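# A closer look at the structure
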Amino acid sequence: MSSLTINTFEDYREMEGLNWSKAKWATKCLRTMRLSDKPRDPSPDMRFGQDVHSALLEPSDFQSRTQPAPEGLRRGSKEWKRLEEEAAESGRRLLKAKEYRDILEVVSAVGDNPDAKRLIYEIPGISEASVQWKDRATGMLLKARIDRYCEKGTPEGDGLIVDIKTTQDINNLQRRLVKFPYMYLHQMAFYRRGVREYTGQDVVNVAILAVEKEVGFPTGVFHLDPTDLDMADKEIDALLYTISEAELFGPLTEQYESSTLRPPQWWMDQQQGATS
């Protein structure tokens with residue numbers, strides 16, 4: 001069973017199934033995972049990322065749901081609160097003039113990058129789509145929210161998942177591929193599973209469109225190696241098995257396991273070198 005649906009994020013949240021945003025917390029402990037999806041207000045960085053996604057993938061939605069404040073108006077002032085209430089009545093969110101301008105500059109920067117422009121605007125595809133499927137090994141119902149999927153996204157005509165990441169420094173992407181809580185490689189392998197189930201195609205490629213948050217908003221397109229995704233897939237298999245066993249037989253552990261705490265290996269090597 002698998003389905004791919006274009007819907008709102010609110011509708012996606014209501015869909016049944018375990019998503020990667022929650023599942024990844026089980027790499028720490030199941031207790032953390034169980035509590036990870038409690039509603040919380042988005043941070044400024046999270047809000048910026050959401051607005052970038054909306055402006056690039058659903059531009060008409062971004063225009064209809066946001067409203068720029070007058071230049072120089074201070075957030076929290078009496079006039080701000082008045083305009084914020086007016087905007088909310090029409091279903092809009094008030095943004096500072098600079099915040100709104102920054103989002104438009106990101107859109108312009110993406111358009112100036114030929115590779116990024118091709119992925120977002122030139123290759124036919126669907127954006128903000130939700131996929132739901134049943135894991136073959138555990139029977140667990142899973143789901144994912146795909147930024148963009150292009151059925152013929154490569155020169156060879158293979159499917160392509162496009163994921164947008166905002167970051168302070170694009171040079172940090174490499175370590176974020178496997179570093180918790182980012183784990184971009186595993187996230188994309190998880191998404192690839194869903195798309196494979198939906199399309200029935202084994203070859204599904206993945207590209208990350210990265211956007212820096214600083215002035216100028218430089219962008220870059222990075223393709224993930226299928227072999228790396230396969231290795232992440234094996235770790236996902238083990239993770240889903242642990243989660244499913246906990247669901248069937250009760251939590252294997254909801255706390256960190258007791259153990260002996262030793263210094264990091266680099267420090268041990270340093271001490272050994274000093275005494276040799």
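Quick caveat, the model's predicted, so the values are computed rather than measured. Along each chain, residue indices are assigned from 1 in the same order as the chain's sequence is written. Local features in this predicted model are restricted to residues of pLDDT 70 or higher, and side-chain atom pairs are both shown and tallied only at a pLDDT of 80 or more, whereas totals for entire chains, interfaces and linings draw on every residue. Only heavy atoms go into the side-chain values, all of them from the structure, while hydrogens and water stay out.

### Description of the overall build of the protein chain
Let me state the cut-off plainly: Strands here are runs of E lasting at least two residues and helices are runs of H or I lasting at least four, both read from the DSSP assignment and numbered beginning at the N terminus. Buried residues are those whose accessible area, probed at 1.4 Å on protein chains only, stays under 20% of the maximum for their type, while exposed residues exceed 50% and partly exposed ones sit between those limits. Residues are treated as being in contact if the distance between any of their heavy atoms lies within 4.5 Å. Surface exposure here means Shrake-Rupley accessible area, sampled with a 1.4 Å probe, where a residue is shielded only by the protein chains that are shown. Lys and Arg are tallied as positive, Asp and Glu as negative. Neither His nor the chain termini are counted. Here the site of a charge means atom NZ of a Lys, CZ of an Arg, CG of an Asp or CD of a Glu.
Within the protein chain, the secondary structure is distributed over 12 helices and 8 strands. Here the C-alpha coordinates of the protein chain stretch approximately 60 × 50 × 40 Å along the principal axes. Counting all 276 residues of the protein chain, 41% fall into the buried class. Taking the intrachain contacts of the protein chain between residues at least 6 apart in sequence as the baseline, contacts between residues at least 24 apart amount to 69%. Carbon and sulfur atoms form 50% of the exposed surface of the protein chain, whose accessible area is close to 16,000 Å². Seen as two clouds, the 38 positive and the 45 negative side-chain charges of the protein chain have centres 4 Å apart.

### Some words on the side chain of Ser54
As for its position among the elements, Ser54 is in helix α4 (residues 44–57). Not counting residues within four places of it along the chain, the set of residues in contact with Ser54 comprises Pro59, Asp61 and Phe62.

### Some words on the layout of surface pockets
This is how it is decided: Lining residues are defined by having an atom within 4 Å of a point belonging to a cavity or pocket. Those points lie on a 1 Å grid over the protein atoms alone, cavities being sets where a 1.4 Å probe fits but cannot get out and pockets being open sets with protein on both sides within 12 Å along at least five of seven lines. Grid points are joined across faces, edges and corners, and a volume is the space filled by probe spheres set on the points. For this classification, Asp, Glu, Lys and Arg are treated as charged, while Ala, Val, Leu, Ile, Met, Phe, Trp, Tyr, Cys and Pro are nonpolar and the rest, including Gly, are polar.
By volume, the second largest pocket amounts to about 540 Å³. Of all the secondary structure elements, the ones that give two or more residues to the lining of the second largest pocket are α4, α6 (78–89), β3 (93–95) and α7 (97–112). At 5 residues, α4 tops the list of elements feeding residues into the lining of the second largest pocket. Of the residues contributing to the lining of the second largest pocket, the split by class is 9 nonpolar, no polar and 12 charged.

### Points about the packing of α4 against α7
When two helices pack together, their arrangement is given by the angle between the helix axes and by the axis-to-axis distance. The criterion, for reference: Here an axis means a line fitted to C-alpha atoms, over the contact stretch when the element is a helix, while the angle between two N-to-C directions is reported on a 0 to 180 degree scale. Each angle gets one of four labels, with under 35 degrees taken as roughly parallel, over 145 as roughly antiparallel, 65 to 115 as roughly perpendicular, and the rest as oblique. For a crossing to be left-handed, the near helix must be turned anticlockwise from the far one by less than a right angle; the clockwise case is right-handed.
Packing of α4 against α7 brings their axes to within 10 Å, and their N-to-C directions diverge by 55 degrees. Between α4 and α7, the interaxial angle falls into the category oblique. Handedness of the α4/α7 crossing: right-handed. Contacts from Phe48, Asp51, Val52, Ala55 and Leu56 in α4 reach Asp102, Ile103, Val106, Val107 and Val110 in α7. Its residues assigned to classes, the contact of α4 with α7 comprises 8 nonpolar, no polar and 2 charged.

### Quick notes on the pairing of strand β5 (residues 141–150)
Operational definition: A pair of strands counts as paired when DSSP detects no fewer than two bridges linking them.
The buried count for β5 comes to 9 of 10 residues, which makes it a mostly enclosed element. One ladder, built from 8 bridges, connects strand β4 (residues 126–134) with β5; its direction is antiparallel. If you follow Ser130 over to β5, its bridge partner there is Arg145. Following β4, the chain reverses through 6 residues before pairing antiparallel with β5; Gly139 in that reversal takes a positive phi of roughly 80 degrees.

### Brief notes about the pattern of salt bridges
Using the following cut-off: One side-chain nitrogen of Lys or Arg within 4 Å of one carboxyl oxygen of Asp or Glu is enough to make a salt bridge.
In this structure the tally under the stated criterion is 17 salt bridges. Across the pair Arg93 and Asp51 runs a salt bridge, and its minimum N-O distance is 2.4 Å. Of this pair, Arg93 sits in strand β3 while Asp51 sits in helix α4, placing them 42 residues apart in sequence. In the salt-bridge network here, residues are joined through shared partners; they are Asp135, Arg192, Arg193, Asp230, Asp233 and Asp237.

### A closer look at helix α10 (residues 184–199)
Going by this rule: Multiplying 1.5 Å by the residue count of a helix minus one yields the expected span of that helix.
Here α10 is 16 residues long and its end C-alpha atoms lie 22 Å apart, about the 22 Å a rise of 1.5 Å per residue gives. Taken residue by residue, α10 has Tyr184, Leu185, His186, Gln187, Met188, Ala189, Phe190, Tyr191, Arg192, Arg193, Gly194 and Val195 as its buried positions. At the exit of α10 stands Gly200, carrying a positive phi of roughly 75 degrees.

### Details of the nonpolar core
Heads up, the condition is: Only buried Ala, Val, Leu, Ile, Met, Phe, Trp, Tyr and Cys residues count toward a nonpolar core, and they belong to the same one when joined by side-chain atoms within 4.5 Å.
Formed by 36 residues in total, the largest nonpolar core has its most connected members in Ile146, Ile161, Phe190 and Ile243. Those residues in contact with Ile161, other than ones at most four positions away along the chain, are Ile146, Arg148, Tyr149, Tyr191, Arg192, Val195, Val204, Asn205, Val206 and Ala207. With 25 residues, the next largest nonpolar core counts Phe48, Val110, Ile123 and Val162 among its residues.

### Quick word on the environment of Tyr184
Within the element layout of this structure, Tyr184 appears in helix α10. Residue Tyr184 is classed as buried on the basis of its relative accessible area, which comes to 8%. Sequence-wise, Tyr184 and Pro59 are 125 residues apart; in three dimensions their C-alpha atoms are separated by 25 Å. In contact with Tyr184, not counting residues within four places along its chain, are Lys165, Leu173, Arg176, Leu177 and Ile208.

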